[in-house]
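Residues per chain, in single letters:
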Amino acid sequence: MKATVQSSPRAGTAAADLAELVKARLSLLTLATVMAGFALGVKDTWDWLLLAATLGGTALCAGGAAALNQWWERDHDGRMKRTRQRPLPAGRMASSDALAAGLVLSASGVLCLTLFANPLSAALAAATIVFYILVYTPLKRVTTLNTIIGAVPGALPPLIGWTAARGSINAEGLTLFAILFLWQMPHFLAIAWLYREDYAQAGFKMLSEGDESGAVTGRQAVIYSLALLVVSLLPSVFFDYSAVYFYGALVLGVGFTVLAGRFAAHGSVSAARALFLGSIAYLPFLLGLMVLAR
Amino acid sequence: MNGPDTQTRRANRRLLAAMAVFAVLFCAAIILWKAFLT
């Protein structure tokens, strides 16, 4: 009887493990950037079916990439406090099952985008998965440049949305890519510094390793947030975005830079957390402003 | 000894398989839609 009670999986355990394998929250954030890219890429009228298929295809790709990433890193995840309870290192899921699911989801997502959106969007989605799994993931243990390298596939999803709606890439689409690329740097630098001991224990090379004062990591965060501030104003200068966008982006960018500056100056856990939370607040406000002010 | 782990793994395998089937059906639905309704 006791064995029966113990062996009954908790209600929702399998669903919780699945959500963790596909990094459901991160994938939802990715979908939000795809939607923003789509909204900005639309020229005249909205094709709601195309939007649904684009979101569906990208969701499959994002879930597949997350599963493949966790399959690849299962041994290292087991060495980090933050990740050791994930389904693979904890032994709740067979690694072959996660690999198969990751491959099927990724292939289905790319196929879906090819069939319903266009080959360019599908190629960008495939490039995102390949770059994320085969370039960024192995380089995490080789070079501290991995954060910059990882920001490339991280910035591609809004471009997938853009190309699905527009069918091509132009300077405006590339500006959107640049905004997402630069935004990730202070965001991930703050995380890397907060969890620097965990990352070092797992063998990940991070800029924050040994940077106890946070000065080096903080300085980088300031540089990238300043670059983000400049790039985020470009749509008002070169494209048809209203003055509301210019002043809104200016206020958001200055606020974000101040948070990065506070982290560089104090190097405290609370300042790093504030930068991390600030980065999470910044992105939806900026993208929302772009969509509304266009 | 391995009971709870095996059962949890089985439950996870079933859910992953269901998700994979859903993904394939989603693509199949799109192929059919494109073939017959457009």
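We now turn to the structure provided with this report. (Residues numbered from 1 in each chain as written. Chains lettered and ligands numbered in written order. Predicted model: local features only at pLDDT ≥ 70, side-chain atom pairs only at ≥ 80, totals over all residues.)

## As for the environment of Pro157 of chain A
All names here are of chain A. Here is the rule we go by: A run of H or I in DSSP becomes a helix once it reaches four residues, and a run of E becomes a strand once it reaches two; helices and strands are each numbered from the N terminus. Here the C-beta atoms are placed from the backbone, and a residue counts as buried if at least 20 other C-beta atoms lie within 10 Å of its own, exposed if 12 or fewer do, and partly exposed otherwise. Residues are scored as being in contact if the C-beta atoms we place from backbone atoms lie within 7 Å.
The topology assignment puts Pro157 in helix H8 (residues 146–166). Exposure remark for Pro157: the 27 C-beta atoms within 10 Å place this residue in the buried category. Taking the C-alpha atoms as reference, Pro157 lies 13 Å from Gly41; in sequence the two are 116 residues apart. Leave out the neighbours within four places in its chain, and Pro157 touches Thr30, Thr33, Val34, Thr58 and Thr128.

## Examining the packing of helix H4 (residues 48–72) of chain A against H8 of chain A
Residues and elements named next belong to chain A. The following threshold applies: Simply put, an axis is a line fit to the C-alpha atoms, just over the touching stretch for a helix, and the angle between two N-to-C directions goes from 0 to 180 degrees. The scheme is simple: roughly parallel for angles under 35 degrees, roughly antiparallel for over 145, roughly perpendicular for 65 to 115, oblique for anything else. Less than a right angle of anticlockwise turn of the near helix away from the far helix marks a crossing as left-handed, whereas a clockwise turn marks it as right-handed. The classification used treats Ala, Val, Leu, Ile, Met, Phe, Trp, Tyr, Cys and Pro as nonpolar, Asp, Glu, Lys and Arg as charged, and all other residues, Gly among them, as polar.
The interhelical angle for the contact between H4 and H8, taken along N-to-C directions, is 150 degrees, at an axis separation of 10 Å. Considering their axes alone, H4 and H8 lie roughly antiparallel with respect to each other. Relative to H8, the crossing made by H4 is right-handed. Within the contact between the two elements, H4 uses Leu50, Thr54 and Thr58 and H8 uses Pro157, Ile160, Gly161 and Ala164. When its residues are assigned to classes, the contact of H4 with H8 shows four nonpolar, three polar and no charged.

## Some remarks on the environment of Leu55 of chain A
Residue and element names in this part refer to chain A. With respect to the helices, strands and loops of the structure, Leu55 is situated in helix H4. Residues Leu55 and Gly109, spaced 54 residues apart in sequence, show a C-alpha to C-alpha distance of 9.6 Å. With residues up to four places along the chain from it excluded, the contact list for Leu55 reads Leu31, Val34 and Met35.

## Side note on unusual backbone geometry
For Lys23 of chain A, which is not glycine, the phi dihedral falls at a positive 45 degrees. The residue Lys23 of chain A is located in the loop between helix H2 (13–21) and helix H3 (24–41) in this model.

## Points about the environment of Thr13 of chain A
Of note, Thr13 of chain A is situated in helix H2. A sequence separation of 275 residues divides Thr13 of chain A from Gly288 of chain A, and the C-alpha atoms of the two residues are 35 Å apart.

## Regarding the nonpolar core
Residue and element names in this part refer to chain A. Note the cut-off: Each nonpolar core comprises buried Ala, Val, Leu, Ile, Met, Phe, Trp, Tyr and Cys residues, the members being joined through C-beta atoms within 7 Å.
Counting residues in each nonpolar core, the largest one holds 95 residues, and the members touching the most others are Ala67, Ala192, Ala221 and Phe263. If you tally residues by element for this core, the top one is helix H9 (residues 171–194), at 14 residues. Aside from chain neighbours lying at most four places away, what touches Phe263 is Ala190, Gly214, Gly218, Ala221, Ala271, Ala272 and Leu275.

None of the figures reported here should be taken as evidence of function without further support.
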